[in-house]
Amino acid sequence: MRQIVLDTETTGLDPASGDRVIEVAAIEIFNFMPTGATYHQLVDPERDIPEEATRVHGMTAEMLRGKPLFRDIADPMLAFLGESEIIAHNAPFDFGFLDAELVRAGRPRLDRSRMVDSLALAKRRYPGLPNSLDALCRRLGVDNSMRTSHNALLDVKLLAEVFLELMGGKQPGFELAATSSRPALPGAIVVAPVARTPRPITPSPAEREAHAAFVAKRLKDPLWLTLGAALD
């Protein structure tokens, strides 16, 4: 199963009012394992960047002047996304901005059925608690000490770790040879399947009798005995 973890940075909060995407970053995950494949692009927004937005992500219009326009990166970005699920923190925000940019570039909107909102997942798991990316990093033991400002490439790497923890704490670089359909990544730990001989354990009549006596002494009307009698 291929999934993409994605993050964007923007000039503001509302694409309907003219705010634009200035950075897109994405990481590929296959069977809940990061593959090492990434997509990252800074974008010239063709407009100014308000000071309040610069305080969040540290980027100014001057820094982005001469970078590719979104219409120039649309096709490479879509090729990287493919048909995979797209995981983002507060995903409707990122999808809304990308949809606005894609329409402006003459491309179709992203299919919302592909959207996985890690913020919604976190709220279901930790109701009533702060579930920002920083809060989740602290709670799940993900090192975010280098995150001094919002940066799509750094944020998407942190989000990938957070998402994997939310999904059960998968460990990067560890694949089972018996179940993986992809070649192992450099440095990955590959565990070969081990042939095992079944060794059934059959209790003796004396052990069965001792167990029945123990159950009769400790439990009143054990469910499995009641069901067994009903089936008989």
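Since we're looking at a predicted model, the values are computed, not measured.

About the criteria used
- Residues numbered from 1 in each chain as written.
- Predicted model: local features only at pLDDT ≥ 70, side-chain atom pairs only at ≥ 80, totals over all residues.
- Heavy atoms only, no water.
- Buried < 20%, exposed > 50% of the residue type's maximum accessible area, 1.4 Å probe, protein only.
- Helix = DSSP H or I, 4+ residues; strand = E, 2+ residues; numbered from the N terminus.
- Pairing = 2+ DSSP bridges.
- Right-handed = clockwise from strand over helix to strand, strands pointing away.
- Salt bridge = Lys/Arg side-chain N within 4 Å of Asp/Glu carboxyl O.
- pLDDT = per-residue confidence, 0-100.
- Contact = heavy atoms within 4.5 Å.

A.B. asks: Any details on the pairing of strand S1 (residues 2-10)? Residues and values, ideally.
C.D. replies: Note on strand geometry: in a regular strand, side chains alternate between the two faces of the sheet. Of all the nine residues making up S1, eight are buried; the element is thus mostly covered by neighbouring parts of the structure. Relative to strand S2 (residues 21-30), S1 runs antiparallel, the two sharing nine bridges. Following the sheet pairing, Thr-10 is matched in S2 by Val-21. Where S1 lies against strand S4 (residues 85-88), three bridges are found, and the strand directions are parallel. Pairing of Ile-4 across the sheet is with Ile-86, part of S4.

A.B. asks: Can you tell me about the pairing of S4, naming the residues and giving the values?
C.D. replies: Pairing of S4 with strand S5 (residues 115-117), which is carried by three bridges, proceeds in the parallel orientation. From the neighbouring strand, Ile-87 faces S5, where its bridge partner is Val-116. Remark: the S4/helix H4 (residues 91-104)/S5 crossover connection has right-handed handedness.

A.B. asks: Tell me what's going on with the pattern of salt bridges, and back it up with residues and numbers.
C.D. replies: Per the stated rule, a full pass over the model turns up eight salt bridges. In this structure, the salt-bridge partner of Arg-47 is Asp-48, at a minimum N-O distance of 3.3 Å. Accessibility expressed as a relative area gives 48% for Asp-48, which makes it partly exposed. We note a salt bridge from Asp-75 to Arg-107, for which the minimum N-O separation is 2.7 Å. Taken together, the residues span a long stretch of sequence, with Asp-75 in helix H3 (residues 70-81) and Arg-107 in the loop between H4 and S5 at a distance of 32 residues. Asp-75 gets classed as partly exposed once you look at its relative accessible area, which sits at 42%. Residue Arg-107 is classed as partly exposed on the basis of its relative accessible area of 25%. One network of salt bridges, with partners in common, ties together Arg-20, Glu-46, Glu-101 and Arg-104.

A.B. asks: Account for the confidence of the model for the protein, with residues named and values stated.
C.D. replies: Averaged over every residue, the pLDDT of the protein is 85; the share at 70 or more is 81%. For residues 172-196, every residue scores under 50 in pLDDT, and the model assigns this stretch 26 contacts once sequence neighbours within four places are set aside.

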